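Each chain, written out:
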Amino acid sequence: MQQWFVLQCKARQEDRAKLNVENQGYVTCLPQMAITKRLRGKRQTVIEAVFPGYLFVQLDTNSANFNALRSTRGVLAFVRFGGIPATIPDAVMQQLLALAELTKNKTAEAGATAGSFAAGTVVEVTDGPFIGLKAVYEMPKGEDRCLVLLDMLGKQQHIEIDEQILRVSDS
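Given the structure is predicted, the values throughout are model-derived calculations rather than measurements.

We now examine the side chain of T72. Position of T72 among the secondary structure elements: in the loop between α2 (66–70) and β6 (75–78). Judged by its relative accessible area of 5%, T72 is buried. In contact with T72, not counting residues within four places along its chain, are N20, V21 and Q24.

What follows is the structure, given as structure tokens:
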């Protein structure tokens, strides 16, 4: 019978554990998200696990080698309650799998929107008082901000705005 279990991973080794568990033929789930952080004085988009230190793995309880999984590089142990490996209900796992797929798509999208846009690119504001408005990207201004031309009150206005709330416009 197929069930989902939780593996506790060694510090910051979720990706290593995922690779090594998948190499043994098991299905895993490691939901991740893109976060914009300031690293060494620069704004960068980094990928982090939604549940740091944990990896979800689907096992057949009749044929899975729990000892081999526990000894896998990057894995610390199974999460246990009362000495029994904890199982995750299918309904919860369906939501986590959907989250993993959604974050995978958003991660790719965030990578495309991170960094400076080319001058003259039509962008859309995604947050703040100008949400939904279209603007023309002019130039970066510092680490996090940029200048855009925004149509307001019948003419174009130069606005300084946070660059991370911009995305390339669809139209």
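With that settled, the discussion passes to the domain arrangement of the chain. Per the domain assignment, the segments making up the chain are domain 1 (2–104) and domain 2 (121–168). Placing the centre of domain 1 and that of domain 2 at their C-alpha centroids yields a distance of 38 Å. On the side of domain 2, four residues touch domain 1, which itself brings five residues to the contact. Both sides together, the interface formed by domain 1 and domain 2 hides about 410 Å², and carbon and sulfur atoms give 29% of it. Applying the counting criterion to the domain 1 and domain 2 interface returns zero salt bridges.

Rules and cut-offs
- Residues numbered from 1 in each chain as written.
- Predicted model: local features only at pLDDT ≥ 70, side-chain atom pairs only at ≥ 80, totals over all residues.
- Heavy atoms only, no water.
- Helix = DSSP H or I, 4+ residues; strand = E, 2+ residues; numbered from the N terminus.
- Buried < 20%, exposed > 50% of the residue type's maximum accessible area, 1.4 Å probe, protein only.
- Contact = heavy atoms within 4.5 Å.
- Domains from an automatic or database assignment.
- Buried area = accessible area lost by both parts, 1.4 Å probe.
- Salt bridge = Lys/Arg side-chain N within 4 Å of Asp/Glu carboxyl O.

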